[in-house]
Amino acid sequence: MRTHLSLAMLCVLSAAGVCSSTSAPGRPSLLGCRSPEKETFSCWWEPGSDGGLPTEYRLFYMRENLRGVHECPDYVSAGKNSCFFDKEHTSIWAEYNLRVVATNALGNASSDFLINDVMKYVKPYPPVNVTVLANSSTPSAYLQIQWKSPPNVDVKSGWVTANYELRIKQNGKEWKNVETGAQNVLNLYSVDPGASYMIQVRCKLDHGNWSEWSNTTFVKIPKHHQIENRFWILVFAFALITLLATICILVLKRKLLLSLKQWFLPPVPGPMIRGVDVQLFKSGRPEDVVNALIGNQNFPPMMPWTDQVEEYLLVSDSDAWQLTDPCKCHKKKENLTIELHLESKIQHRKSTPGQNAWEKAEESKDETGDLESSDVSQSESNLSNMEPMKLLIEEQGCPSTEKAALTNVIQPLTNTTYVEFQQRENFWDISPTQAEYSRVKEVNSETILILNNENILPGSDVQEQEVNGEVNTPDDYSRVKEVNSDLVLLQKHDSNDSYCKKKEDHYTVSISQRPTTPHEGDHSKGLCSEMVESGYVDSVPGFSVK
Amino acid sequence: MDVKGSKKAKKATGSSRTRNRLRNCETGEKMAQRRISGDRLFITVVYLVAMCRAVPIGDLLDRASQRSDKMHSLSTLLTQEMDTHFPPYGRMQMQRPAECHTSALQTPNDKEQALQVSNSDLMSLVRSLLQAWVDPLVILSNSAITLPHPAKSSISSRIQELQEHSKSLADGLDILSGKMGPDAQATSSLPYTGGTDLGQDRVTILNKFAFLLSCLRRDSHKIDSFLKVLRCRAVKLQPELC
């Protein structure tokens, strides 16, 4: 009985005790406020004990430059135990003095003040729409990350300035932070193909507080570009091998290379003398040289001279000779002409006959030139044989009248002094106005004198003669002095002239194709002007006589 | 310290560039005598060549807003540094000891109000605020050396940097406002009446110092926001800036 009563009493008392343990509410505490876009802000508090009674929480605030105490305009929008200040109730650069009061039936309790400028509460939401593209174009893959600013943040008008920060993490590694400033895109190049990455972005406004990190975005970089790379590598390698093979083939087959080279870069032709073989010069044989320079000469085979040849020279100093000469080519007053009459048997040059012939020429040094050999008569008979003579002496310009000339020569030729020579027709083009003189053109090793019928300008001769005081001595005429076995022609200078004497054995005639190199001829002429009137022979293109 | 020094020089030359461009366009002479490194000198020369053509105000405002952004960043760091060793225990419980000496200036308090203010008025407000902080910064700089605070050296250097930025920004805005009309040239006078020293005892000194720094932070934020609003208005053709 007692136990039952005691138990009942306890029950009642306990019930009464529960019902009666109410008190005033505990003090709430303000947790903080946040302005996500610098236009509104919200505050939250944490309630204390409610004292067992329904408790009401109210938030009161005071604001700088605003008189009075005001209550929170919106308790609902920001959630439970919150207060939301909309745009009208928000002043940025003003301090808010906030407090929360908990009230129940038994009393109220107030929290501490929270005094702060709203600008200190600025903390945006994280950026949204974070998209990551793994761009795997060559040569290297990179990540293209884009995001948008948090909602309601007015960056366009400049009211807020957003700064972003990004962090990226590879599986198994640490986070890497990247500041991107105010831009909304980032290209990240330092990525490994085939790896997986996690990316987060956050932002802050106006040097305020950083937002939370955005939701993680996962990305994996594909590997297929490696295959592409390999493909291109193979292509390039193949091309390189082909190129190397081509180069090797070209190098090994030099002919091919040379032909290619010639096709691309044809050689520039150098100067060349037609008909002249440069190689010939290198052999060093003077006869080859002379042959090459003078051209291919179809000289008749040489006939040896015999002792039976009587040679004589008729030197005449008269003008009658010239006048009667039908093919007179010269108009000089005193022409020194040397007639060389050679027997038909003269076919081979020998030194002695040559000497005899030229000695006669010596004899004809006299100005009067009145040489009449006793063999004139013989010459007459020999005249007919002169034609077939194979001498290489050529007559100038009077092929058909050689006989006539000779006959004229037989006549007293006191004043005419020139040498007639047979002419070879097919030697050079001979103009009718050519000078009467033949030129020694070439001398080969067998002491054959070849006379050249080069055009000699009579005028020039006259001038020169007048200038130099010589008679009939064009530039490249030189006097035949002697014919030795080894030499063809020597110019003889006047023995009175000491200088010329020296030159007897060392006369060098320069090779000249035209009478344009009168140096040596002039030289000799100048010194030996007195001897001019005797017979002379046009000098041969030069070669030294030893 | 080296970073601060370089930042300081960067800010000084950037603002001097703005100033030089504008001033020389008007006078035709008188280069700035600021510290200008070689490459900056070249850029300055280039700008001098182009300056007497119409330098877009948007570019000038961009430079100015960069300078003001730097100022605001410095002031924020200053307050944070102050709070690490001087928790605002007292300030939590009570209101500001006083109002900022610039509170008399009527400034827009939210976005709608700010966007309705004209360019000239905004520029005038900015220049007034800048002008108002010349003297207090001197006081702060002098007090920071003997501040009973463990981070006083860092605080002192930051305040000096702030002073330089403020001076160059003010000079630049003087010229920039000349391009915007007479309304922009008018400034309000907001003298500082707090005296030359901050107090006698440690707490008072620290309190006042902290209070001044908070006022400075607020005003630098205002300056920065207004200039950025002006910039975004001026560069309609360059949306990437805003």
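You'll find the structure just up there.
This is a predicted model, so every value here is computed, not measured.

Draft legend 1. Here's a closer look at the environment of B:S120. Residue and element names in this part refer to chain B. On the secondary structure map, S120 appears in helix 6 (residues 119-132). Distance in space between the C-alpha atoms of S120 and Q185 is 8.0 Å, their sequence separation being 65 residues. Aside from chain neighbours lying at most four places away, what touches S120 is M180, D183 and A184.

Draft legend 2. Representation of the interface of chain B and chain A in the model. In this complex, chain B contributes 28 residues to the contact, which on the side of chain A involves 28 residues. Carbon and sulfur atoms supply 50% of the area that chain B and chain A bury against each other, a total of about 2700 Å² over both sides. By the criterion of area lost to chain A, the three top residues of chain B are B:N109, B:K111 and B:R218, representing 22% of everything that side buries. The interface formed by chain B and chain A includes 5 salt bridges. Here B:E112 and A:K87 are joined by a salt bridge, their closest N and O atoms 4.0 Å apart. If you look at where chain B meets chain A, you find 11 residue pairs in polar contact (both at pLDDT 80 or more). Among the secondary structure elements, those contributing two or more residues to the side of chain B that touches chain A are helix 3 (57-85), helix 4 (89-93), helix 5 (111-116) and helix 10 (202-234) of chain B. For the side of chain B that touches chain A, the element with the most residues is helix 10 of chain B, which contributes 9 residues. Residue composition of the side of chain B that touches chain A, grouped by class: 9 nonpolar, 8 polar and 11 charged.

Draft legend 3. Summary view of the state of the cysteines. Residue and element names in this part refer to chain A. Scanning all chains against the criterion turns up 3 disulfides over all chains. Each sulfur of the disulfide joining C72 and C83 lies 1.7 Å from the other. Its torsion about the S-S bond being 115 degrees, the disulfide of C72 and C83 is classed as right-handed. With C72 in the loop between strand 4 (66-71) and strand 5 (82-85) and C83 in strand 5, this pair connects stretches of sequence that are 11 residues apart. Taken as a pair, C72 and C83 share a single burial class, namely buried.

Thresholds applied
Residues numbered from 1 in each chain as written. Chains lettered and ligands numbered in written order. Predicted model: local features only at pLDDT ≥ 70, side-chain atom pairs only at ≥ 80, totals over all residues. Heavy atoms only, no water. Helix = DSSP H or I, 4+ residues; strand = E, 2+ residues; numbered from the N terminus. Contact = heavy atoms within 4.5 Å. Buried area = accessible area lost by both parts, 1.4 Å probe. Salt bridge = Lys/Arg side-chain N within 4 Å of Asp/Glu carboxyl O. Polar contact = N/O pair within 3.5 Å; in protein donor to acceptor, adjacent residues only side chain to side chain. Nonpolar A, V, L, I, M, F, W, Y, C, P; charged D, E, K, R; others polar. Disulfide = S-S within 2.5 Å. Buried < 20%, exposed > 50% of the residue type's maximum accessible area, 1.4 Å probe, protein only.

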